[in-house]
Amino acid sequence: MVNQLLLVVLSAPLVYLLYLIFIQPRYNPLRNLPGPPSKGLFRDQLGMVMNPSVSPRTHEHFVKTYGRNVMIRGILPWDLRLFTLDPLTLAHVMKHSHIYEKPWQSRRLITGLIGCGMLAAEGAVHKRQRRVATPAFSVQNMRELVPLVFAKGDELKEKWLEMVREAEKETEETGGLKLDVCHWVSRATFDVIGSAGFDYQFNAIQNETNELFSAYKEMFEVAVSQQSGALWGLAVIYLPILETLFLLAITWMLYLMARYPDVQARLRAELLSLLPPTPLSALTPDEVSRLYAGIAELKFLENVIREAMRLIPPVHSSARVATRDDVLPAATPVRTRMPDGSTQEVKEVRVPKGAFIHVPVEGFNLDREVWGPDGWAFKPDRWDNLPEAVVSQPGLYNNTLTFSAGPRACIGLRFSIIEIKTFLFILLTHFTFAESDEKVGKANVVLTRPYVIGKHMAGSQCPLLVTPYVPEGAQYS
Ligand code: HEM
């Protein structure tokens, strides 16, 4: 009797596992969607949609072969996922964030990486945190940050000029210096966020030590205990991922400037039209604010930023999990297998509770059926004449998913744009950027990061040749 009981207890997990692998998927409505053929029970299909070196091609292949709502296989045999590039389906998922939550797996990853904050919270906790943080990101508060962002951008410029001078002294040669712009922009951003969010000076541009991180932790604890800081709301989120996001956004823009020298020269000419004769460091906060108001209006700068953010969104993709059974609307026909084995085109997708939805941010931004046949190219001028299909696309930022969409969309959009515009203004009016002998590629490691091709083990980096910009007839000192 005891032996029989023991046998039942021991075999129950195995029976459940067999049920999960062989029986449960048969009742999963996602099985009735078309999708890439399975290569085996334990072979997932996530790499092809998440690796930026193949994902644009995969996304396009899916749309052409299966339609815009597709079933892909996740990590375990019973993990059938909805991959969607249908604007209506995506809008429904992003809008109904109380049904479509972040999966516990990605919440745990975010929590492990950056601490438990708004990015990983759900339900009432998330609502409360978002309510607390939102006023800190008001237009007025963001405007007040402009002089600080300028000061840090100017400090970075001075640091680079100093490094160029030192290199010239050492090599006795004039010209550019190979700099990992990713690393340096990240240090400057660390300073901006430390100061804006917590009234704390890291001095990361000047002083790169391992103590930085301890200082950050100390600062965070002080901020939490005193609820101090110009932007207390920032304390509900954690710093490193924000710094990385900025890093990445500005880094990818400088990289694109190096790849497209004509665009770089045209943008510099526009920016130079606003460069005051007085050094930036001598301007009063009011003068800086007025200068930024002018920069914010620049047409080509706006187009370049929109295009770079569309083409290389730092958040490559995201995931949601259905917390209950649901029927999703679709704008495009969904080829669904019916109980009698026939296939019909319907305008809805049934998802069961627990199913993952893959949100292809980059795939959505690069969709050539929406953006036109040149949708994979870097063409800032496209923003002056967008195809009609773009206008009905969901998205917080110019019909793209770069800053997500719906109630869980990015709260830091305005802050990001201020820093990006300011840094581009200061850096492009004082330096030129060119590709170096090391070729840069993309890899998706939580975020889309730059790597030197063949040197992935060296970590994320974006080496570019940075040369002081000297207007014709002038000399830099
Ligand atoms: C270029 C820079 C940035 C990009 C591309 C970006 C993009 C995004 C994206 C795509 C999401 C949604 C993530 C998901 O659903 O999986 C998000 C959420 C969020 N972002 Fe950003 N972000 C940027 C900068 C910032 C900054 C500077 C801040 C704050 C100062 C910020 C604060 C947040 C917060 C708090 C959330 C979570 C919102 C919520 O869950 O309600 N972001 N961001």
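### A closer look at the nonpolar core
Alright, step 1. Of all hydrophobic cores here, the largest spans 81 residues; its most connected members are Phe150, Trp160, Leu254, Ile305, Phe415 and Phe433.
Alright, step 2. Counting the residues that make up this core, at least three belong to each of domain 1 (22-134 + 315-391) and domain 2 (137-311 + 411-468).
Alright, step 3. Apart from residues no more than four positions distant in its own chain, Ile305 is found in contact with Met253, Tyr397, Ile417, Ile420, Lys421 and Leu424.
Alright, step 4. Formed by 32 residues, the second largest nonpolar core is a distinct cluster that contains Val63, Met94, Leu328 and Val349.

### A closer look at a nonpolar patch on the surface
Alright, step 1. A contiguous nonpolar patch, built from Leu14, Tyr16, Leu17, Leu18, Tyr19, Phe22, Ile23, Tyr27, Leu41, Phe42, Ile75 and Leu76 and spanning about 1300 Å² of accessible area, is present on the exposed surface.
Alright, step 2. Within the secondary structure, Ile23 sits in helix H1 (residues 2-23).

### Thoughts on the coordination of the iron atom of the ligand
Alright, step 1. Exactly one donor from the protein chain reaches the iron atom of the ligand: Cys410 (SG), at 2.3 Å.
Alright, step 2. By the element assignment, Cys410 lies in the loop between helix H16 (388-391) and helix H17 (413-430).

### Overview of the sheet that holds strand E1 (residues 69-73)
Alright, step 1. Spatially, E1-E2-E8-E5-E3 is the arrangement adopted by the 5 strands of the open sheet, whose pairing is mixed. Looking at strand neighbours, the two that pair on one side only are E1 and strand E3 (100-101), the edges of this open sheet.
Alright, step 2. Pairing of strand E2 (residues 80-84) with strand E8 (residues 356-359) involves 3 bridges; the strand directions are parallel. The residue of E8 that forms the bridge with Arg81 is Phe356.

Definitions and limits used
- Per chain, residues are indexed from 1 in the order of the written sequence.
- The predicted nature of this model means local features are confined to residues of pLDDT at least 70 and side-chain atom pairs, given and counted, to a pLDDT of 80 or more, with totals for whole chains, interfaces and linings taken over all residues.
- Neither water nor hydrogens contribute to the side-chain values; these are computed over all heavy atoms in the structure.
- Only buried residues count toward a nonpolar core. Its members are Ala, Val, Leu, Ile, Met, Phe, Trp, Tyr and Cys residues joined through side-chain atoms within 4.5 Å.
- Note on classification: 1.4 Å probe, protein chains only; a residue is buried when its accessible area is under 20% of the maximum for its type, exposed when over 50%, partly exposed between these limits.
- Per the annotation, domain bounds derive from an automatic or database assignment of domains.
- Contacts between residues were defined by any pair of non-hydrogen atoms, one from each residue, lying within 4.5 Å.
- Patch construction takes residues with relative accessible area above 30% that form no salt bridge. Like charges are linked within 9 Å, and nonpolar side chains (Val, Leu, Ile, Met, Phe, Trp, Tyr) are linked within 5 Å.
- Accessibility throughout is a Shrake-Rupley quantity obtained with a 1.4 Å probe, and a residue counts as covered only by protein chains that appear here.
- Just to be clear on terms, a salt bridge is a Lys or Arg side-chain nitrogen sitting within 4 Å of an Asp or Glu carboxyl oxygen.
- Elements are defined by DSSP. Helices are runs of H or I of four residues or more, strands are runs of E of two residues or more, and each kind is numbered from the N terminus.
- A donor here means an N, O or S atom no more than 2.8 Å from the metal, or no more than 3.2 Å when the metal is Na, K or Ca. Since water is not included, a site may seem to lack partners.
- Strands pair, by our definition, only if DSSP identifies at least two bridges between them.

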